[in-house]
Each structure stands twice: as structure tokens, then as C-alpha cells.
Amino acid sequence: MAALRTLYRGENSWDFLRVSRKVLIGSAVAVLICVVALLARGLNLGIEFEGGSVWEVPVPASADGADVPASDLPTTEDIAEAADAAGVPDARVQFVTVTGASDIFRIRGVLGPGANAADIADALSSVVGVDVGSLSTRQVSPSFGDEVAGKARRALVVFFVLIALYLWFRFEWKMSVGALVAVTHDILLTVGAYAVFGFEVTPATVVAFLTIMGYSLYDTIVVFDRVKSNERSLPARSHFTYPALANVSLNQVLTRSINTTVTSVLPVVSLLIVGAGILGAGTLAEFANALLIGLLVGSYSSLFVAMPMVAWLKSYEPQWASARTAAEAAGRHDTMESAAQALAAESYTRTAQPRPRKLGRRR
């Protein structure tokens, strides 16, 4: 309880920048793996981006009106083989649970040369054991996916430019660089995870990718604002290093970062459990998967990626370089505790009420 109380008050003294070196090595390895996966395997684009056809075949009902047990149904491999024989090579088959209606098999693919749509419908209905009239079919043009991807790329470019300018004028260019590095790190890891594990990328996934950038940036700005506030509060003749100032600031906002992460992740987990798992809403799963990965990655990038980048850039400024030299000469390698005391003393001096004046005796 004492540790939780200390954490809640922001009185902990963890050396984030020292730990960030190991975290950055792990993140660099993860980013490298994701980049290699993106270049070697690419993304598993949904049919909205590639174009093609979608067939939805309902699960047959038994005599009492309930769905046939799963053990009596054909497997997804059986349906894929039937689709391949009918003229849809490399068909992707998915079993979808639908609340309040019959479950379905969703088959996605592109018609091969000489394939006939009627023959494919007959083959799918035959292997599942339902009437061909119960199938639903729709065609998807790849132009829709191209339009979505094009707008996402333009939104990404505009987002980076506007955020860079805002942070430059609101704080400084070094913090602008740190924030953009953290956001790029989050996007690469999230998109790379889809390439590594072969998750399907849909328009809902693209929306989640864009949402992740806003969350990551929000948490980073909270950290930067605290650092800037503490920097302005330091006494004029203080000789603390910038890493010490950054560590104190990170400890002060740690509780807020944890609370933000928990309150953001819980609704997304509920989307996966209730929306996708119980209600069988596939679109919610596509959105929530990307959002969950991005939230988890973004929860630590503000602390262990953005701020260490800013601290490294700030260490070359004359003021902080001389403070580091003085600290090393005096053998003070860690001045975080002293910086915290100085900030607390300065805050008390500014907020304390003036002492009442003593009234002298009137003669």
C-alpha cells in the first residue's frame, strides 16, 4: 500500500532514462522485425483493397430449428477446396458467429479465368448442405480500397505536418522531433504486427491506425507539458542535468499515464469480448485488434521513446551540457532527488501564503 500511495502522489523516484536504454534496444529490434516482415511478406489486404467476391453461406438448421453441431459441418478447408475446384483459387474461408440468426461461412476470393458465378454458388451450397437460394453474393471493386488507402496516406502526411508545427510553436522543435519519432514507432509496430501475424487489413483497421496516432500524441503532450512546466520552475542558479529534470517529470505523470492507459484499454477489450466474441461482430474485431495493439505500444512510447529522444537532443544545449559537465566533475551522476527537492521548494515558495505583518505599538 505504501508503494501505491507513493506512486499515486508522484513521489516515486524511478530512473526512466536509464531503463529506456534497454527498452529502446528492444523496440529497435521489434521495429526491425516489423519492417522486414512488411518488406518480405507485406500486408494481408482485405477484399476491400484487392477487389473480388464475397459469398456468405448460412449454416444449415436441424429439425428443431437450431444450427447443426459444428462436428457435423464441413471444415473451412473443405469449403476452400470446393471453391478452388469451382474456379476461386486461394479462397479465404471464415466461420462467423451471428447473434440472433444462423451462423455463416464467409468466403472471399477472386474469380479465376473462365469461372462461372453460378457454378461457384452451386459448389458452395452443395458442400455446406443448404439451398443455393440462401446464399448471398456481392462484388467489391478495388477502387474503393484504393480511395481509402489514398485518403489515409494524405491524412497521415497532413497529420505529421500539422503536429510538427504545433509542437514546434507550443514547445520547441526538439520535442516536435521526439513526438514524431514516438508516433512513427507506434505505427510501425502496429502495422508490422499485422504483417508478422498475417492479420487482415480492412478499412476499419485503417481507421484504427489513424486513431492510434491521436492517442499516442495526447500522452506525449502530457509528458512534455510537465517537463516544460518544471523547467520554467527551476531556480535560476540550479545546476541539475536535463535527464534529472526529465526523470522527475516522468515520475510525476506516471500515475496519469497508467490511468489513461487502463481507461482506454478496458473499452477496447470489451469490444473484443462482447462485440466480437459474444455478438460476433467481425468489423468490431477488425477495429479493436489494431486499436488494442496501438494503445499498448503507445502507453510506453511516450515515457521510453519520446522523452529519451528529447533528453538526448537537449543534452547538446550549452546550458544543459555545462550542467552535465559540472555534475560529472563533482561526482553527482544522479541529481534526480536534488532536482525533485528544488522543484518542491520552488513550488512551496510560490504558493505559500505571505506571513502576517506584526503590528508595532503605537506611541
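Below: a short report on this structure.

What counts, and where the lines are drawn
- Residues numbered from 1 in each chain as written.
- Predicted model: local features only at pLDDT ≥ 70, side-chain atom pairs only at ≥ 80, totals over all residues.
- Heavy atoms only, no water.
- Helix = DSSP H or I, 4+ residues; strand = E, 2+ residues; numbered from the N terminus.
- Buried < 20%, exposed > 50% of the residue type's maximum accessible area, 1.4 Å probe, protein only.
- Contact = heavy atoms within 4.5 Å.
- Areas by Shrake-Rupley, 256 points an atom, 1.4 Å probe, with all protein chains shown as cover.
- Axes fitted to C-alpha atoms, helices over the stretch in contact; angles between N-to-C directions.
- Parallel < 35°, antiparallel > 145°, perpendicular 65-115°, else oblique.
- Left-handed = near helix turned anticlockwise from the far one by under 90°.
- Nonpolar A, V, L, I, M, F, W, Y, C, P; charged D, E, K, R; others polar.
- Pairing = 2+ DSSP bridges.
- Salt bridge = Lys/Arg side-chain N within 4 Å of Asp/Glu carboxyl O.

## Topic: the overall build of the protein chain
When helices and strands are counted, the protein chain shows twelve helices and six strands. Relative to its 363 residues, the protein chain shows a buried fraction of 44%. Within the protein chain, contacts between residues separated by at least 24 positions form 78% of all contacts whose residues are at least 6 apart in sequence. Surface summary for the protein chain: the accessible area is close to 20100 Å², and the carbon and sulfur share equals 61%.

## So, the packing of helix α7 (residues 173–197) against helix α8 (residues 203–233)
Where α7 contacts α8, the two axes come as close as 9 Å, and the packing angle between them is 150°. What the angle tells us is that α7 and α8 run roughly antiparallel. The handedness of the crossing between α7 and α8 is right-handed. Counted together, Met175, Gly178, Ala179, Ala182, Val183, Asp186, Ile187, Thr190, Val191 and Tyr194 of α7 and Thr205, Phe209, Ile212, Met213, Ser216, Leu217, Thr220, Phe224, Val227 and Lys228 of α8 form the full contact between these two elements. Its residues assigned to classes, the contact of α7 with α8 shows 13 nonpolar, five polar and two charged.

## Re the pairing of strand β2 (residues 52–58)
Counting buried residues along β2, six of its seven residues qualify, which places the element largely inside the surrounding structure. Bridge count for β2 against strand β5 (residues 136–140) is five bridges, and the pairing is antiparallel. Considered in β5, the bridge of Gly52 is made with Val140. Here β2 runs beside strand β4 (residues 104–109); their pairing, made up of six bridges, is antiparallel. Of the residues in β4, the one forming a bridge with Ser53 is Gly109.

## Topic: the sheet that holds strand β3 (residues 92–96)
For sheets, the rule is that strands pair by backbone hydrogen bonds, running either parallel or antiparallel. Strands sit in the order β3-β4-β2-β5 across an open sheet of four strands; the sheet is antiparallel. The open sheet terminates on both sides in strands that have one partner only, identified here as β3 and β5. When the angles between neighbouring strand axes are averaged without regard to direction, this sheet yields 20°. Set on the sheet, helix α5 (residues 117–128) makes contact with β2 and β4; between it and β2 the angle comes to about 30°.

## Notes on the pattern of salt bridges
Applying the stated criterion across every chain yields a total of eight salt bridges. Asp225 is the partner of Arg170 in a salt bridge, and the nearest nitrogen-oxygen pair spans 3.0 Å. Of this pair, Arg170 sits in helix α6 (residues 142–170) while Asp225 is found in helix α8, placing the two residues 55 residues apart along the sequence. Note that Glu172 is salt-bridged to Lys314, the shortest N-O span being 3.1 Å. Pair noted here: Glu172 is in the loop between α6 and α7 and Lys314 is in helix α10 (residues 282–314), with a separation of 142 residues, a long-range link. On the basis of relative accessible area, Glu172 is assigned to the buried category, the value being 11%.

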